[in-house]
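Overview (structure and organization)
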Amino acid sequence: MADRKNIELEQGWEGMKVGINKLKNILEGKPEAPFISDEYITLYTTIYNMCTQKPPHDYSAQLYERYREAFNEYITTTVLPALREKHDEFMLRELVKRWENHKLMVRWLSRFFNYLDRYYISRHSLAPLTEVGLRCFQVLVYTEVKRVIKDAALTLIERERDGEQVERRLLKNVLDIFVEIGNGDLSAYEKDFEAFLLKATSEFYSRKAAVWIQEDSCPEYMLKAEECLKQEKDRIIHYLHASSETKLLHEAERELLSQYEQELLDKEHSGCMALLRDDKTEDMSRMFRLFSRVPSGLQPISDMFKKHIESEGMTLVKQAEAMATQRKDQGKKDSGTSTEQVFVKNIIELHDKYLKYVSECFANSSLFHKAVKEAFEIFCNKGVAGSTSAELLASFCDNLLKKGGSEKLSDDGIEDILEKVVRLLAYISDKDLFAEFYRKKLARRLLFDKSANEDHERSVLTKLKQQFGAQFTSKMEGMVTDLQLAREGQTPFDEWLAEREGKKPGIDITVTVLTTGFWPTYKFIELSLPQEMVNGVEVFKEWYETRTNHRKLTWIYALGQCMLVGKFTPKSIELQVSTFQAAALLLFNNDEQLSFAEIKERLNLPVEDLVRILHSLSCAKYKILLKNPGEEQNKTINEKDVFKFNQKFTDKFKRIKVPLPPVDEKKKVIEDVDKDRRYSIDAAIVRTMKSRKVLVHQQLVLEVVQQLSRMFKPDFKVIKKRIEDLIAREYLERDTENPNQFRYLA
């Protein structure tokens, strides 16, 4: 090693030039044998020796520079002339070829000069050999041709956008040069190509959109826009850099969608409203997909969706009103009920339809769920034929759940509809009013054994409880349980009576003992019972007092039912009547004829109740009593009328039910709800003031409304009145200095 002869710079470089020229010939496709390992070792060893000689014979710096010059010389004499003589696609192909050759040359030369990389370059913090080689191409070739290749590439892309077939592989290779030339930094790609691509994209789609918006319908335009966006995404996959995706699509979306959204949606015969009207679900799905890409692009669609649903809902309200008025004018019976049932059914179908829209066309977007909610809240709180929506829903449920209802559905069908009704109830502002109407109707179904299926009754209560909380259904659940206990209590009474032969009242009696707190309040009427009934009542009282202490029974005769046997001349008929009707009929066992005044005196009933009873027995379908025999008949009852038992009455059935005209309880329900609301408002005010101690009027009102809005929308005037009342009752006081401020009094 000590005897190794120094290699002079030029001498060594001559040897290196042989290897470099051979590499150039291989790259140019000239006949040349491939490198063998001995040649590679010789070249590597030459560099190694020239770099490890003692100064002044260490030629590392000179070799580092000669390495750069080798590239520059090849580029200047061979690469640039070859590129300059070609144009358009041919020039692009030549450039791709030259770039691939250059990368190959960098790889080989950096191996020959590898010793420089390992020691000299790392010690002097210089650019690595690979970087130097690539930099030569960037400075000499890329700088000169970048504008030309950018223009050529953009021309090819525009031709492809216009429907021509282009060589995507070539484009990919050209654009890879823009990416690779930065050696990990994308600034060259972004500045020299991408910026121009985005501008060209914007201009291209601006031209296209301006023509399409004039010529095409909304669905046609959307199909074209969707196809364009798909193609742009395709370009990213096939030849553009992935980092361009968001920016490129943003340009296309802005020109195709953002610029013309309102104009597109408002197109008269094919815009958003027309598509909704004609149930074009596929087009609506496409509209959602497209405009969900655009910032705030869905809001105008959601607004139109809401407006359309509201319009359809209001049409149903008007149709129901018109139908109810028409039936009333024609004097048709049951004018309200069937109309209301149809109306609720239509609302349910409408709700199903647009929930399906939201799930299938609008990907369950919360924005569109909100639109459905707001639209339904508007028309679901409109009344029909004098009935509030709360009453309509309660009546609809009643019709569904009672025996002999008009809906003939399977158990699953009923469950499904009940689920939908409860969902609709969420849009009703007066939920407390629904609860009261529903409770009244539930009580009638339970007490008169009209409920078709107890499982359905419990199921509705479970659904309501889940949706609106336990307080909403506590009384209703109490009623169901209470009635079950009452029925179980009948058996011990029957057993007690069977053991005491002398106590039997002479009639079969069933008494339902209920807990006052759960059930609706019923008007107590002190009816003077016929002796046959008095015996039964007294016996039951005697038994009940043996079972309980300090409990008082209040007899609600209005809810009682009786089975009488009417002995008519043609045949005997069993009559199913109310307790009031039975008491009136039993009077005719002893008297052939009685006046209105005599009946009133003996029964001790208010005039309005007696009129209803006598009307049902003498003027309705079954004329068991004759009114003013021998005189001309009319359908009204007055206090001068005389009544006689109709011996000739007959019917084809052996048992008939004599209906009693129902009392319209709507007014009373509304009064009860108003009273409960006053208590709720009082409680909310006191709760709020207790926690806050001091509050101004406006803030107090807002907090009370917020607390109560889940059940009903309190009237501001009523809140003001309740505040005044609480001040009078010394729960609150006004601030002496600021009368608009209240203090809580502990």
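Computed from a predicted model, the values in this text were never measured in an experiment.

Examining the overall build of the protein chain
- When its secondary structure is counted, the protein chain shows 28 helices and nine strands.
- In terms of C-alpha radius of gyration, the protein chain reaches 47 Å, well past the compact-globule figure of 27 Å for 746 residues.
- Considering only C-alpha atoms, the protein chain reaches an extent of 155 × 65 × 65 Å along its principal axes.
- A total of 746 residues make up the protein chain; the buried ones form 45% of that total.
- Within the protein chain, contacts between residues at least 6 apart in sequence are counted, and of these 70% link residues at least 24 apart.
- When the accessible area of the protein chain is evaluated, it comes to approximately 39,900 Å², of which 50% is carbon and sulfur surface.
- Positive and negative side-chain charges in the protein chain, numbering 117 and 119 respectively, have mean positions lying 3 Å apart.

Some points on helix α17 (residues 389–401)
- End to end, α17 covers 18 Å across 13 residues, agreeing with the expected 18 Å (1.5 Å per residue, within 8%).
- Most of α17 sits out of view: 13 of its 13 residues are buried.

Examining the sheet that holds strand β9 (residues 741–744)
- One open sheet accounts for three strands, arranged β7-β9-β8; its pairing is antiparallel. With one partner strand each, in any of the chains shown, β7 (694–696) and β8 (732–734) form the two edges of the open sheet. When strand polarity is set aside, the average angle formed by the axes of neighbouring strands in this sheet is 30 degrees.
- Two elements, β8 and β9, share three bridges in a ladder whose sense is antiparallel. Its bridge partner lying in β9, Glu-733 is registered against Arg-743.
- Across the face of the sheet, helix α28 (residues 716–728) comes into contact with β8 and β9 while running at roughly 100 degrees to β8.

Quick notes on the sheet that holds strand β3 (residues 593–595)
- Taken together, three strands build an open sheet; the order of strands is β3-β5-β4 and the sheet is antiparallel. Strands with a single pairing partner mark the edges of an open sheet, and in this sheet they are β3 and β4 (625–627). The mean inter-strand angle of the sheet, taken between neighbouring strand axes irrespective of direction, is 30 degrees.
- Here three bridges tie β4 to strand β5 (residues 642–645), and the two strands are oriented antiparallel to one another. Bridged to Leu-626 within β5 is Lys-644.
- Packed onto the sheet, helix α25 (residues 607–618) meets β4 and β5 and runs at close to 105 degrees relative to β4.

Notes on the pairing of strand β1 (residues 561–567)
- Burial along β1 is one-sided: Cys-562, Leu-564 and Gly-566 are buried, and none of Gln-561, Met-563, Val-565 and Lys-567, which face the opposite way, are.
- Here seven bridges tie β1 to strand β2 (residues 572–578), and the two strands are oriented antiparallel to one another. For Gly-566, the partnering residue across the bridge sits in β2 and is Ile-573.
- In this antiparallel pair of consecutive strands, β1 and β2, the connection spans four residues.

Observations regarding the packing of aromatic side chains
- Per the stated rule, a full pass over the model turns up 39 aromatic pairs.
- Ring geometry for Phe-35 versus Trp-108: centroids 5.3 Å apart, planes at 25 degrees, classification stacked. Residue Phe-35 is located in the loop between α1 (9–27) and α2 (37–52), and its partner Trp-108 is located in helix α4 (residues 88–112); the two are separated by 73 residues in the primary sequence.
- Owing to a relative accessible area of 24%, Trp-108 belongs among the partly exposed residues under this scheme.
- Members of the aromatic cluster, each reached through a chain of ring pairs, are Phe-288, Phe-305, Tyr-354, Tyr-357, Phe-362 and Phe-368.

Digging into α25
- Taking 1.5 Å as the rise per residue, α25 with 12 residues should run 16 Å; its terminal C-alpha atoms sit 16 Å apart, in good agreement.
- Among all positions in α25, only Asp-609, Leu-610, Ile-613, Leu-614, Ser-616, Leu-617 and Ser-618 are buried.
- Along its buried surface, α25 packs onto α23 (579–586), α24 (596–603), β4 and β5.

Details of the side chain of Gln-341
- One can find Gln-341 in helix α15 (residues 335–360).
- Beyond its immediate stretch of four places on either side in the chain, Gln-341 contacts Ser-395, Phe-396 and Asn-399.

Topic: the environment of Leu-695
- Structurally, Leu-695 can be placed in strand β7.
- Accessibility expressed as a relative area gives 6% for Leu-695, which makes it buried.
- Contact partners of Leu-695, with chain neighbours within four places excluded, come to Thr-688, Met-689, Leu-700, Glu-703, Asn-740, Gln-741 and Phe-742.

Re the packing of helix α26 (residues 666–692) against helix α27 (residues 697–708)
- The interhelical angle for the contact between α26 and α27, taken along N-to-C directions, is 120 degrees, at an axis separation of 9 Å. Accordingly, the angle class assigned to the pair α26 and α27 is oblique. Pair α26 / α27 crosses with right-handed handedness. Between α26, through Ser-680, Ile-681, Ala-684, Ile-685, Arg-687, Thr-688, Met-689 and Arg-692, and α27, the contact on the second element is made entirely by Leu-700, Glu-703, Val-704, Gln-707 and Leu-708.
- For the contact of α26 with α27, a count of residues per class yields seven nonpolar, three polar and three charged.

Structural notes on the side chain of Lys-420
- Tracing the backbone shows Lys-420 in helix α18 (residues 411–425).
- A distance of 2.8 Å separates polar atoms of two side chains, one belonging to Lys-420 and the other to Asp-352.
- When sequence neighbours within four positions are dropped, the list of residues in contact with Lys-420 reads Ile-348 and Asp-352.

With respect to the pairing of β9
- Pairing of β7 with β9 involves three bridges; the strand directions are antiparallel. Paired with Val-696 across the bridge in β9 is Gln-741.
- Between β8 and the antiparallel strand that follows it, β9, lie six residues.

Re the pattern of salt bridges
- Enumeration over the complete set of coordinates arrives at 69 salt bridges.
- Ionic pairing is found between Lys-247 and Glu-194, a salt bridge with its closest N-O pair at 2.7 Å. On the criterion of sequence distance, the pair formed by Lys-247 in helix α10 (residues 245–258) and Glu-194 in helix α8 (residues 187–215) is long-range, its members being 53 residues apart.
- Since its relative accessible area comes to 3%, Glu-194 is described here as buried.

Section: the nonpolar core
- The biggest cluster of nonpolar side chains holds 93 residues, and the ones touching the most others in it are Met-284, Met-287, Phe-305, Phe-376 and Tyr-438.
- For this core, the leading source of residues is helix α19 (residues 431–447), giving nine residues.
- Those residues within four positions of Tyr-438 in sequence are excluded, and the remaining contacts are Ala-394, Cys-397, Leu-401, Arg-445, Glu-457, Val-460, Leu-461 and Met-476.
- Of all hydrophobic cores here, the second largest spans 70 residues; its members include Ile-47, Tyr-67, Met-105 and Val-145.

What counts, and where the lines are drawn
- Residues numbered from 1 in each chain as written.
- Predicted model: local features only at pLDDT ≥ 70, side-chain atom pairs only at ≥ 80, totals over all residues.
- Heavy atoms only, no water.
- Helix = DSSP H or I, 4+ residues; strand = E, 2+ residues; numbered from the N terminus.
- Rg over C-alpha atoms; globule rule 2.2 N^0.38 Å.
- Buried < 20%, exposed > 50% of the residue type's maximum accessible area, 1.4 Å probe, protein only.
- Contact = heavy atoms within 4.5 Å.
- Areas by Shrake-Rupley, 256 points an atom, 1.4 Å probe, with all protein chains shown as cover.
- Lys, Arg positive; Asp, Glu negative; His and termini not counted.
- Charge placed at Lys NZ, Arg CZ, Asp CG, Glu CD.
- Expected span 1.5 Å × (residues − 1).
- Pairing = 2+ DSSP bridges.
- Axes fitted to C-alpha atoms, helices over the stretch in contact; angles between N-to-C directions.
- Phe/Tyr/Trp six-rings, centres within 6.5 Å; stacked < 30°, edge-to-face > 60°.
- Parallel < 35°, antiparallel > 145°, perpendicular 65-115°, else oblique.
- Left-handed = near helix turned anticlockwise from the far one by under 90°.
- Nonpolar A, V, L, I, M, F, W, Y, C, P; charged D, E, K, R; others polar.
- Polar contact = N/O pair within 3.5 Å; in protein donor to acceptor, adjacent residues only side chain to side chain.
- Salt bridge = Lys/Arg side-chain N within 4 Å of Asp/Glu carboxyl O.
- Core = buried A, V, L, I, M, F, W, Y, C linked by side-chain atoms within 4.5 Å.

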